[in-house]
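Below are the chains, spelled out letter by letter.
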Amino acid sequence: MNGYNQYKDCIEACLKCAAICNQCATACTYEDDVAMMAACIRLDMECAVLCYAAAQLMSMGSSQATRMCLICGDICEACGAECAKHNHEHCQLCARACKACADECRKMNNR
């Protein structure tokens, strides 16, 4: 049975990314121009939801885990690109976490 041990690296990348995306979204709401951060906040929230879902499906050994990881990798890429546009430390940290997660999710689809 597939599950946590087989997907450990991707699960951990997804959980880390989700936590950092949540932190980034919250930090963005404290920036001076919150309206300018709207796309970043929205993508952070979407990315966190998908990362948590992917981690959960992988830990359960779901037959849908690799499909979810494909979607998760796409949203991580989009979120990371948006965060990279902003010079805030929390956005730059999020961009790096999203890239790492996207890379791990893409590895899942090569298994």
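Every chain's residues receive numbers from 1 upward, in the order its sequence appears when written. A pLDDT threshold of at least 70 governs which residues receive local features in this predicted model, and a stricter bar of 80 or more applies before side-chain atom pairs are shown or counted, although totals over entire chains, interfaces and linings include all residues. In computing side-chain properties, one takes all heavy atoms of the structure into account and sets aside hydrogens as well as water.

### Some details on the nonpolar core
As a reminder of what qualifies: Here the nonpolar core consists of buried residues drawn from Ala, Val, Leu, Ile, Met, Phe, Trp, Tyr and Cys, with membership extended through side-chain atoms lying within 4.5 Å. Each residue's exposure class comes from its accessible area (1.4 Å probe, protein chains only) as a fraction of the maximum for that residue type: buried when under 20%, exposed when over 50%, partly exposed otherwise. Under the DSSP-based scheme used, a helix requires at least four consecutive residues in state H or I and a strand at least two consecutive residues in state E, with every element numbered from the N terminus. Contacts between residues were defined by any pair of non-hydrogen atoms, one from each residue, lying within 4.5 Å.
Cys14, Cys47, Cys51, Met58, Cys76 and Cys101 are the most contacted members of the largest nonpolar core, which has 40 residues in total. Of all the secondary structure elements, the ones that give two or more residues to this core are α1 (4-28), α2 (38-60), α3 (65-84) and α4 (89-108). Take this core: its biggest share by element is 12 residues, from α1. Discounting residues that sit within four places of it in the chain, Cys76 has contacts with Cys17, Cys47, Cys51, Cys98, Cys101 and Ala102.

### Observations regarding α2
Each turn of an α-helix holds 3.6 residues, which means side chains three or four residues apart point in the same direction. Which entries qualify depends on this criterion: A helix is expected to reach a length of 1.5 Å times the quantity of its residues less one.
With 23 residues, α2 extends 33 Å from end C-alpha to end C-alpha; this agrees with the ideal 33 Å at 1.5 Å per step. Burial in α2 covers these residues: Cys40, Ile41, Leu43, Asp44, Cys47, Ala48, Cys51, Ala54, Ala55, Leu57 and Met58. Where α2 is buried, its residues contact α1, α3 and α4. Looking at the residues trailing α2, positive phi occurs at Gly61, about 70 degrees.

### Remarks on the packing of α1 against α4
Keep this limit in mind: Angular values range over 0 to 180 degrees, each being the angle between N-to-C directions of two axes fitted as lines to C-alpha atoms, with helices fitted over their stretch in contact. Each angle is binned into one of four classes, with values under 35 degrees roughly parallel, values over 145 roughly antiparallel, values of 65 to 115 roughly perpendicular, and all other values oblique. Handedness of a crossing is defined here by the sense of rotation of the near helix relative to the far one, left-handed for an anticlockwise turn of less than a right angle and right-handed for a clockwise turn. Under this grouping Gly is polar, as are all residues other than the nonpolar Ala, Val, Leu, Ile, Met, Phe, Trp, Tyr, Cys and Pro and the charged Asp, Glu, Lys and Arg.
One can describe the packing of α1 onto α4 by two numbers: an axis separation of 8 Å at closest approach and a directional angle of 155 degrees. As summarised for this structure, α1 and α4 are arranged roughly antiparallel, according to the angle between their axes. Of the two possible hands of crossing, α1 and α4 adopt the one that is left-handed. Of α4, the residues touching α1 (which contributes Tyr7, Asp9, Cys10, Ala13, Cys14, Cys17, Ile20, Cys21, Gln23, Cys24, Ala27 and Cys28) are His90, Cys91, Leu93, Cys94, Ala97, Cys98, Cys101, Glu104, Cys105 and Met108. Broken down by class, the residue content of the contact of α1 with α4 amounts to 18 nonpolar, 2 polar and 2 charged.

### Section: the environment of Ala100
In this fold, Ala100 is placed in helix α4. What makes Ala100 partly exposed here is its relative accessible area of 41%. Along the backbone, Ala100 and Ala78 are 22 residues apart, and their C-alpha atoms lie at a distance of 13 Å.

### Thoughts on the packing of α3 against α4
The packing of two helices is summarised by the inter-axis angle and the distance between the axes. Contact geometry for α3 and α4: axes closest at 8 Å, N-to-C directions at 155 degrees. By the angle between their axes, α3 is roughly antiparallel relative to α4. Remark: the crossing between α3 and α4 carries left-handed chirality. Of the residues in α4, those touching α3 at Thr66, Cys69, Cys72, Gly73, Asp74, Cys76, Glu77, Cys79, Gly80, Cys83 and Ala84 are Cys91, Gln92, Cys94, Ala95, Cys98, Cys101, Ala102, Cys105, Arg106 and Met108. Here the residues of the contact of α3 with α4 are counted per class, giving 14 nonpolar, 4 polar and 3 charged.

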